[in-house]
Structures are given as C-alpha cells and as structure tokens.
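Each chain, written out:
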Amino acid sequence: MANKVLQKQAILSLILAIALSIGAIALLLPLIFVLITSFATADFKPLDSLLPKTWTGDNYARAWAQGEFLLAFANSTLVAIAVTACQIVTSALAGYALARLNFRGRNGILLFVLATLIVPFQLLVIPIFLVLKWGHLVNTYAALILPTAANGFGIFLLRQYIQTIPIQLEEAAIIDGANRWQVLWRIVLPLTRPALVTLFLFTFIGEWNDLFKPLVFTTRPELKTVQLTLAGFQEQFTADWPLLMAAVAIATIPIVVLFLIGQRQFIRGVAAAGIKN
C-alpha cells in the first residue's frame, strides 16, 4: 500500500515537473528569440529561418553607440532609484500606521488606498500634467519621480506584512523605553526585509520599463530613458531586426540580473504578505 502511494506521488511529481518545464520554456522563448536574433547579421529574416547563417556581436556595439545607452541608463537608474526610495519610505510609514495605530477613519483610509489600485495612471495624466506645469516641473527629473512617489500597492504590501510580525516584540521594546520611531526603525523594518525587497523589485522594474511618463512629461533629449531609446530604435531601425533585438537585450539585462539577485526575498515577501487580511 505504501509503495503504491509513493508511486502515485512520484508520477504526480514527474507530471508537475514536466508541466512546469513546458511553461518555463514557453516563457523563455521570446528571450531566446531576442538573443538569437541579436547575434545575427542585418540580412537575417526571423520569419524565414530559425537560426542565422552568420553570427556577429557587432550589433551590440552599434546599438550602444547609436542609442546613447549610457545616458539612457543613467537617467533610468536615477529615476528608478529615486521613485523606489520614495515609495519605500511612504509605504513603510503608511503601512505601519494602518497596521498598528488605532485611529478614527483607519479602515476608510485603507479602502481608499485599495481603491487607488484600480485607477489607471493614464486616467490621471491630465491633472498631473497640469499640476506639474503649474509648478514649472515639466521637462525635469521631478516630473518623472513625483507622480509615482507613493503607491497604494506598496502601502498595502507593507501593511499586510507588518501584521504578520508578533506585536509582542514591539510592546517589549516600548516597555524598555523605545518610542514609535525607534520601534519602526529598529524592530519592524529589519523584520520586513522580504517585503521591502519585493517592493524594491516591483517598483524599480516598473519604473525601468515605464514609457508613459517620459513620453508625456518630458521632451528634452538629455532626459530620455531606456524605454524612450527603445521606442526610437523601433521607429528608426524596424527593418534591422538584429540591431533592434540587441538594443532590447541591452535594456533587459540589468532587470534580469536584479531579479536573480533578489528573487529569494521576493518570493518570501509575496508569500508572507497574503497571510493576514
């Protein structure tokens, strides 16, 4: 009887492994296509053959030079880090207040925060643009940072994760003479590292891949980001698929590396944030 149970479990595990492998291959196919095409010559037609006849790495050098990726990387990194830092601060403060402090209207504020998650950013672009124009912030780094300096998802994520932390730890710190700021800084934030890493990855990747804000709020060439550079490649070099795919690979590599570094904390943060309501 025990052998039959073990055999069934082994068969189910094998089926699950095969299904996951097929899913992983399906998800990786676009990336594989990008990498293969990026090493082909300019006469390569992706629809005519699967593999190029001639391989070359010149596309990366051409894409880096023609796209001015050094400037684009600097701008995208600056904006992504600034927005991520702002969201971590605002989400930690608001999430802790909603999780631990008892005040009138707390549930209403939480519902308002959740309601912001269903409002698309494109719906707010006109009032945001008018506010930025009134403050003379259009065509500045502030126009790329301030509109997303706070986010309802980050607030909800931190609030959910903080609720999983035993409140007895904070009560013991308060008894020892710590105030709320010390409890937040020395007790809560170190224990919420998986959630903070999760928020960091979500926010940084989202800002890195954002095309809408740079396209609407900036026109100065010195403020162009990676996504604006890719958009320019698509307009200029649509026929030159290897060059375009090399540009896509250059823009994708930093995000892939960042995710691989923080994937363990990312999974822990997502899993733990949904434990409590």
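Located above this text is the structure these notes cover.
**Student:** So what about the overall build of the protein? Which residues, and what values?
**Tutor:** Within the protein, the regular secondary structure consists of 13 helices and 0 strands. Secondary structure elements in the protein, listed N-terminal to C-terminal, are α-α-α-α-α-α-α-α-α-α-α-α-α. Going through the 277 residues of the protein one by one, you find that 37% of them count as buried. Of all intrachain contacts in the protein linking residues separated by at least 6 positions in sequence, the fraction that spans at least 24 positions is 74%. Entry remark: accessible area of the protein is about 16700 Å², with carbon and sulfur atoms responsible for 70%.

**Student:** Provide a residue-level description of the packing of helix 8 (residues 167-175) against helix 9 (residues 180-191), including the pertinent values.
**Tutor:** In contact at an axis separation of 10 Å, helix 8 and helix 9 are set at 145° when each is read in the N-to-C sense. Of the two elements, helix 8 crosses helix 9, and the hand of that crossing is right-handed. Contact residues: helix 8 offers Leu169, Glu170, Ala173 and Ile174, while helix 9 offers Arg180, Val183, Ile187, Val188 and Leu191. The class makeup of the residues in the contact of helix 8 with helix 9 is 7 nonpolar, no polar and 2 charged.

**Student:** Talk me through the side chain of Thr198; I want residue IDs and the actual numbers.
**Tutor:** Tracing the sequence through the fold places Thr198 in helix 10 (residues 193-208). Polar contacts involving the side chain of Thr198 include one to the main-chain carbonyl oxygen of Pro194, which spans 2.8 Å.

**Student:** I'd like a description of the pattern of salt bridges, backed by residues and values.
**Tutor:** Applying the stated criterion across every chain, the model contains 4 salt bridges. The salt bridge involving Lys213 is made with Glu207; its shortest N-O contact spans 2.8 Å. Assessed through its relative accessible area of 2%, Lys213 is described here as buried. Its salt-bridge partner being Arg220, residue Glu222 comes within 2.9 Å of it at the nearest N-O pair. A relative accessible area of 35% means that Arg220 is categorised as partly exposed.

**Student:** Explain a nonpolar patch on the surface residue by residue, including any values.
**Tutor:** Together, Leu117, Ile118, Val119, Leu123, Leu124, Phe153 and Phe202 make up an exposed nonpolar region whose accessible area comes to about 650 Å². Inspection of the secondary structure puts Phe202 in helix 10.

**Student:** Describe unusual backbone geometry, and please don't skip the residues or the numbers.
**Tutor:** The backbone phi angle of Glu68 is positive, close to 50°, even though this residue is not glycine. Relative to the helices and strands, Glu68 resides in the loop between helix 2 (58-67) and helix 3 (69-100). The phi angle at His136 is positive, at roughly 55°, despite the residue not being glycine.

Criteria and cut-off values
- Residues numbered from 1 in each chain as written.
- Predicted model: local features only at pLDDT ≥ 70, side-chain atom pairs only at ≥ 80, totals over all residues.
- Heavy atoms only, no water.
- Helix = DSSP H or I, 4+ residues; strand = E, 2+ residues; numbered from the N terminus.
- Buried < 20%, exposed > 50% of the residue type's maximum accessible area, 1.4 Å probe, protein only.
- Contact = heavy atoms within 4.5 Å.
- Areas by Shrake-Rupley, 256 points an atom, 1.4 Å probe, with all protein chains shown as cover.
- Axes fitted to C-alpha atoms, helices over the stretch in contact; angles between N-to-C directions.
- Left-handed = near helix turned anticlockwise from the far one by under 90°.
- Nonpolar A, V, L, I, M, F, W, Y, C, P; charged D, E, K, R; others polar.
- Polar contact = N/O pair within 3.5 Å; in protein donor to acceptor, adjacent residues only side chain to side chain.
- Salt bridge = Lys/Arg side-chain N within 4 Å of Asp/Glu carboxyl O.
- Patch = residues over 30% accessible without salt bridge, like charges linked within 9 Å, V, L, I, M, F, W, Y side chains within 5 Å.

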